[in-house]
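The lines below spell out each chain.
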Amino acid sequence: MRWSQSLIPTMKETPEGAEIPSHVLMLRAGLVSQVMAGAYTYLPLGLRSLRKAERIVREEMDAAGAVELLMSALTPITLWEQTGRVQAFGDVLIQFAVKRQNRKVQMALGPTHEEVVTELVSRFVSSYRQMPITLYQVQTKFRNEERPRFGVLRTSEFLMKDAYSFDTSIESLNHSYEKMYAAYCRIFDRCGLQYLPVEAESGPIGGDASHEFMIPAANGEDAVLHCASCGYAANQEKAEIGCRDTALPGVPAVPLEKVATPGVSTIEQVSKFLGCQPQQMIKTLIYLADGKPLAVLLRGDHDANEGKVRRAAGAAKLELADQATIERVTGAPVGFAGPVGMKEKIAILADRDVQGMVNGVTGANAADTHLIGVNLTRDFQPDRFADLRNAVDGDACPRCSATLALRHAIEVGHVFKLGTKYSEALNARFLDQNEQLKPIIMGCYGIGINRIVAGLIETTHDENGIIWPVSLAPYEVFLAPVKVTDPASQQATDALYAGLTAAGIEVLLDDRDVRAGVKFKDADLVGIPLRVVIGERGLKEGKLEIKWRWDKAAEFIALDGAVETLAQLIRQERADGKRFRNTVVKK
Ligand SMILES: [Zn+2]
């Protein structure tokens with residue numbers, strides 16, 4: 001491709017509204033252009049990288065035995081009603097009515113395709129002999145984003161690979177899941193991504209039933225807890241907290257005392273007003289666990305993890321109590337709840353860290369009043385202690401004695417054992433060997449294709465621009481003739497371009513009549529892996545300057561046989577990606 005014939009609108013300045021490197025660089029390198037908040041056009045260079053990511057995903061899905069199909073993006077709303085996901089998705093589901101003759105048809109743009117694929121399978125798969133089978137597609141998904149941001153990382157329209165496995169037993173599901181997990185590792189390796197598979201909330205199957213593939217990145221919106229010592233990794237929703245001796249500080253207990261805190265109710269306000277630290281406060285949250293009020297005690301600087309609270313309470317459903325319930329059980333307005341002297345006797349669960357607190361501060365179950373000098377056993381006694389909070393940086397690893405580190409990350413993939421939720425709702429059943437009718441056991445597996453591209457850029461760039469691995473680069477070789485008008489240079493450039501193209505190498509020829517400095521800056525910005533400079537002096541000496549985007553120094557190769565030398569370098573890097581990995585990917 002000749003630069004002058006493509007559409008590559010590079011920019012010098014950081015575009016307005018772009019906050020993170022991948023967003024800035026995708027705009028500056030002319031990969032994408034925003035159509036509206038949450039929707040982008042992929043320009044020629046961006047589309048080439050997106051297609052390469054897509055191809056890698058397809059190749060590995062096929063190699064893992066998954067079968068490709070293509071489902072419609074338009075879906076009838078009735079399908080989503082059958083699984084209760086109209087409510088579950090809420091405003092995220094983009095739905096609308098269209099007129100067909102004299103009636104209105106309500107439809108939704110698919111945010112994912114469990115419903116469509118399960119309904120499909122229910123029609124064509126009815127015997128254990130037809131399984132296991134894994135179906136996948138690469139398709140545009142639609143999810144209304146309340147706050148589209150971070151460029152293509154969070155949009156309302158995005159390209160996704162979604163796969164669905166159908167099995168007759170949990171053992172068989174586990175096997176399908178492992179195949180997808182292994183394929184994901186190969187995909188992200190081939191894409192040159194530094195990724196971390198982390199445990200995620202497992203849903204109905206329980207156990208080790210869900211993993212997210214995360215790219216650690218400073219600007220990532222997901223939080224991951226990682227133990228460098230044993231490798232344990234989980235997202236914040238799932239991360240367990242190991243036990244650590246909570247030796248009581250050697251502080252004597254002081255008497256319980258009521259203090260007036262007029263109009264002061266949040267942890268922040270109270271700690272400021274009373275001059276204490278948030279970690280000295282006992283946060284009291286009132287929940288409804290299966291409709292029954294439940295008090296949850298946490299250290300003031302900790303956040304409740306509702307999944308953990310729900311499991312500890314043995315409840316199917318957990319929600320924060322409404323104002324009326326809080327006032328009824330505490331006898332005080334919202335904001336003044338505490339474990340001492342609640343009006344109604346309700347179950348109290350306390351986080352394990354509350355055990356180590358001495359002379360705590362908490363609401364007094366009376367308006368504008370708090371208690372200080374609150375001590376366990378003497379003043380209150382929870383029914384049980386449990387791990388109820390989100391893990392934070394520095395917590396103990398649940399698997400070994402080391403410490404968890406909190407890392408921000410971008411989620412690029414998710415594998416999930418679904419069980420029979422959708423097959424039961426949509427009546428996808430099969431006859432087993434004994435002619436028994438059973439629901440099909442499912443798994444689902446997603447990869448955000450746009451996120452592969454943006455995630456790579458987010459972690460692999462420098463101050464000058466993008467650094468692509470050959471596997472995802474829009475072009476593999478960047479040809480930069482210093483003087484396009486010089487006949488000798490023109491001849492050498494044309495020969496290289498024709499030779500490399502004939503050899504199957506993807507070449508971007510910068511044929512613009514601009515200063516060499518401008519070409520070099522753009523070459524670095526768009527990040528093509530191998531830059532070849534055709535300069536006057538080199539030509540006279542029979543040499544070409546070549547430089548890998550990630551190397552500091554350039555080197556020279558002989559002009560004679562240059563096509564074969566360059567083609568060989570690219571073929572080698574295509575095959576193993578070693579140069580990129582050894583230089584760019586930090587482990
Ligand atoms: Zn560990």
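Look above for the structure.
Residues numbered from 1 in each chain as written. Predicted model: local features only at pLDDT ≥ 70, side-chain atom pairs only at ≥ 80, totals over all residues. Heavy atoms only, no water.

(A) Just unusual backbone geometry, in detail. Here the amide bond leading from M131 into P132 is cis, since omega sits at 5°, within 30 degrees of zero. Checked against the element boundaries, P132 lands in the loop between α5 (114-124) and β7 (133-142). Even without being glycine, N359 reaches a positive phi, approximately 55°. By the secondary structure assignment, N359 is in the loop between β17 (347-351) and β18 (360-363). On the basis of relative accessibility, which here comes to 13%, the residue N359 falls in the buried class. With a phi close to 60°, E435 is a non-glycine residue in the positive phi region. (Helix = DSSP H or I, 4+ residues; strand = E, 2+ residues; numbered from the N terminus. Buried < 20%, exposed > 50% of the residue type's maximum accessible area, 1.4 Å probe, protein only.)

(B) Structural context of the coordination of the zinc ion. Taken together, C227 (SG), C230 (SG), C397 (SG) and C400 (SG) make up the protein donors of the zinc ion, found 2.3 Å from the metal. Here the zinc ion binds four donor atoms, and the angle range of 104 to 115° at the metal identifies the geometry as tetrahedral. Read in sequence order, the donor residues coordinating the zinc ion give the pattern C-x2-C-x166-C-x2-C. Of this pair, C230 sits in the loop between β11 (222-226) and β12 (233-235) while C400 sits in the loop between β20 (384-386) and β21 (405-419), and the two are 170 residues apart along the sequence. Accessibility expressed as a relative area gives 25% for C400, which makes it partly exposed. (Donors = N, O, S within 2.8 Å, 3.2 Å for Na, K, Ca; no water. Tetrahedral: all angles 85-135°; square planar, octahedral: opposite > 155°, others 65-115°.)

(C) Looking closely at the pairing of strand β8 (residues 157-167). Of all eleven residues in β8, ten are buried; the element is thus mostly enclosed. Strand direction decides the pairing type here: β7 and β8, joined by ten bridges, are antiparallel. Note on β8: the bridge partner recorded for L135 is Y164. Bridging between β8 and strand β24 (residues 441-448) involves eight bridges; their strand directions are antiparallel. When the sheet's bridge partners are listed, D167 is paired in β24 with I441. (Pairing = 2+ DSSP bridges.)

(D) Spatial organisation of helix α1 (residues 21-28). For α1, the buried fraction is high: seven of the eight residues fall into the buried class. All of the buried residues in α1 are S22, H23, V24, L25, M26, L27 and R28. In this structure, the buried residues of α1 make contact with β1 (32-36), β2 (39-42), α11 (449-459), β25 (461-462), β26 (465-466) and α13 (516-526). Two residues or fewer after α1 comes G30, characterised by a positive phi angle close to 70°. (Contact = heavy atoms within 4.5 Å.)

(E) Here's a closer look at the packing of aromatic side chains. Using the criterion set out here, one finds eleven aromatic pairs in the structure. Here the aromatic rings of Y177 and Y445 are separated by 6.2 Å at their centres, their planes lie at 55°, and the arrangement is tilted. Taken together, the positions of Y177 in helix α6 (residues 170-190) and Y445 in strand β24 put the pair 268 residues apart, joining distant regions of the chain. Comparing Y177 with Y445, the two get one shared label, buried. Considering the side-chain rings of W548 and W550, the 5.3 Å spacing of their centres and the 15° angle between planes classify their relative orientation as stacked. Like W548, the residue W550 is buried in the burial classification. Linked through ring pairs, Y181, Y184, F188, Y195 and F213 together constitute an aromatic cluster. Stacked on the ring of Y475, the Lys or Arg R48 has its end atom at 4.0 Å from the ring centre. Above the ring of W3, the side-chain terminus of R512 is found at 4.0 Å from the ring centroid. (Phe/Tyr/Trp six-rings, centres within 6.5 Å; stacked < 30°, edge-to-face > 60°. Lys NZ or Arg CZ within 6 Å of the ring centre and 35° of its normal.)

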